[in-house]
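If you want the building blocks of each chain, they are given just below.
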Amino acid sequence: MLRFLLMRIASAIPVLLILSVVTFAIIQAPPGDYADYIRSQLMNQGGASFAQADAQAQAYRQEHGLDKPMVVQYFNWIGGIVTRGDFGYSMFYNKPVGDVVGERLPRTLLLALVCHILASILGIGFGIWAATRQYSWIDSLLSGISFLGMTVPRFLMALIIVYILVFQLNVSEIGSFYSPQYGGAPWSWGKFVDLVKHVWPVVAIATFGGLAYNMRVMRGNLLDTLNAQYVETARAKGLSGGAVVMRHAVPNALHPLVMYQGVVLPYMLTGEIETAIIFALPTVGPAIVGSMAVGDVYVTATFMLVLSATLIVGNIIADVLLALLDPRVRQQGGIS
């Protein structure tokens, strides 16, 4: 297993480098950079003339290396990451990019992980429940819920919830994790409850989409598995219906969902990001949008590189889980 992990990690490094090149090139493709943002701010808010603002923008561009070719900027950025663990300097946040990522990424990953756990448990459970009651009203209800979860855009659900909270329920604390009295307070049960009150819309919306997918896939796979010959043999041996389903059918029906774990973390991250943008939570989503709007390229590139890394890590985890679940995969891959 250790050899398998090392081989998968080694093969992921070139992929990550290619993704970093593509990401950096796409981010740099639109015209303009942070120096242009400075020029516009000096003219619109500082009252400077175009010549004065442009002179300061050009000086800023030279000072921070923004006047160099894109290839040179990329190698400076990736070289700093590889040799020093330096992701560059955020011109908009006026601090190292590593600090910006360190402040926002743990919150985002924690929210995404909570959403993933809830979506997996509820989705698989509801999928089993629907498959074992095929064509009943429960199956129809759950199928309708899964259809809504997979078709309704998450940003639309977020906008609807924001409208209800702000304009119908007069909720004013939108865009933060805690109420003011809990901002710097130590952890307590009251602070945890306050956190749940602030983040439940983001968790609910991101969970809903993953739950719908898990439930739909689990239902379809389990229905196919229940008609397999070995399941009929287990029934003929006198095993109870619950034992046949849980011991023989469910483990084999889980294989596609295990492989889905390779993309589920980026999926949950994008779900959290979309919703967090609407709710203006201080997580990765608003930081990506804000940095792209002003041309803070190193922040945007680093966050996109992190999202790419989560996709690679997710695929490695999926391969390991599938090997642990299915002995045939271990035999074919030479894993002991």
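Note that the structure is a prediction, hence the values are computed from the model and not measured.

(A) Examining the overall build of the protein more closely. The secondary structure content of the protein amounts to 14 helices and 2 strands. The buried share of the protein, reckoned over its 336 residues, is 40%. Intrachain contacts of the protein at a sequence separation of at least 6 include 72% that bridge at least 24 residues. With an accessible surface of roughly 17,900 Å², the protein has 67% of that area assigned to carbon and sulfur atoms.

(B) Representation of the side chain of Ser120 in the model. Mapping Ser120 onto the fold places it in helix H5 (residues 97–131). The buried category is assigned to Ser120, whose relative accessible area is 16%. Apart from residues no more than four positions distant in its own chain, Ser120 is found in contact with Gly125 and Asn214.

(C) The packing of helix H2 (residues 34–44) against helix H3 (residues 50–63), seen in detail. With their axes 8 Å apart at the nearest point, H2 and H3 run at an angle of 150° to one another. Our classification of the angle between H2 and H3 gives roughly antiparallel. The interaxial crossing formed by H2 with H3 has right-handed handedness. Along the contact surface, H2 presents Tyr34, Ala35, Asp36, Ile38, Arg39, Leu42 and Met43, while H3 presents Phe50, Ala53, Asp54, Gln56, Ala57, Tyr60 and Arg61. Looking at the contact of H2 with H3 residue by residue, the class counts come to 9 nonpolar, 1 polar and 4 charged.

(D) View of the pattern of salt bridges. Scanning the model with the defined rule gives 7 salt bridges in all. Note that Arg39 is salt-bridged to Asp54, the shortest N-O span being 2.6 Å. With Arg39 in helix H2 and Asp54 in helix H3, the pair connects residues that are 15 residues apart, well separated along the chain. Both residues of the pair, Arg39 and Asp54, count as buried.

(E) Representation of H3 within the structure. End to end, H3 covers 20 Å across 14 residues, agreeing with the expected 20 Å (1.5 Å per residue, within 8%). Within the span of H3, buried status applies to Ala53, Asp54, Ala57, Tyr60 and Arg61. Seen along its axis, H3 keeps its buried residues to an arc of 125°; they face one direction. Opposite the buried face of H3, by more than 90 degrees, sit the exposed residues Ala51, Gln62 and Glu63. As for H3, its buried residues are in contact with H2. Just past H3, the residue Gly65 takes up positive phi, approximately 75°.

(F) Main features of the environment of Ile174. Within the fold, Ile174 resides in the loop between helix H7 (154–168) and helix H8 (189–226). Residues Ile174 and Ala280 lie 106 residues apart in sequence; the distance between their C-alpha atoms is 7.5 Å. Leaving out residues up to four positions away in the same chain, Ile174 has contacts with Leu165, Val166 and Phe279.

(G) Geometry of unusual backbone geometry. Non-glycine residue Asn94 carries a positive phi angle of around 55°. One non-glycine residue, Tyr135, lies in the positive phi region at around 70°. Structurally, Tyr135 can be placed in the loop between H5 and helix H6 (137–151).

(H) Broad picture of the packing of aromatic side chains. Overall, the coordinates contain 13 aromatic pairs when judged by the stated rule. Measuring from centroid to centroid gives 6.1 Å for Tyr178 and Trp187, while their planes differ by 75°, and the two rings are edge-to-face. Tyr178 sits in the partly exposed class, given a relative accessible area of 24%. Given the relative accessible area of 56%, Trp187 is considered exposed.

(I) View of the nonpolar core. One finds Phe24, Tyr34, Trp77, Tyr298 and Phe303 to be the most contacted residues of the largest nonpolar core, which totals 26 residues. At the level of elements, H2, helix H4 (70–84), H5, helix H12 (284–294) and helix H13 (297–325) are the ones that each hand at least two residues to this core. Here this core takes 7 residues from H13, the largest share from any one element.

(J) Molecular detail of the environment of Leu19. With respect to the helices and strands, Leu19 occurs in helix H1 (residues 2–28). Separated by 289 residues in sequence, Leu19 and Ser308 place their C-alpha atoms 7.1 Å apart. In contact with Leu19, other than residues within four places in its own chain, are Ser308 and Ile312.

About the thresholds
- Residues numbered from 1 in each chain as written.
- Predicted model: local features only at pLDDT ≥ 70, side-chain atom pairs only at ≥ 80, totals over all residues.
- Heavy atoms only, no water.
- Helix = DSSP H or I, 4+ residues; strand = E, 2+ residues; numbered from the N terminus.
- Buried < 20%, exposed > 50% of the residue type's maximum accessible area, 1.4 Å probe, protein only.
- Contact = heavy atoms within 4.5 Å.
- Areas by Shrake-Rupley, 256 points an atom, 1.4 Å probe, with all protein chains shown as cover.
- Axes fitted to C-alpha atoms, helices over the stretch in contact; angles between N-to-C directions.
- Parallel < 35°, antiparallel > 145°, perpendicular 65-115°, else oblique.
- Left-handed = near helix turned anticlockwise from the far one by under 90°.
- Nonpolar A, V, L, I, M, F, W, Y, C, P; charged D, E, K, R; others polar.
- Salt bridge = Lys/Arg side-chain N within 4 Å of Asp/Glu carboxyl O.
- Expected span 1.5 Å × (residues − 1).
- Arc of directions from axis to C-beta.
- Phe/Tyr/Trp six-rings, centres within 6.5 Å; stacked < 30°, edge-to-face > 60°.
- Core = buried A, V, L, I, M, F, W, Y, C linked by side-chain atoms within 4.5 Å.

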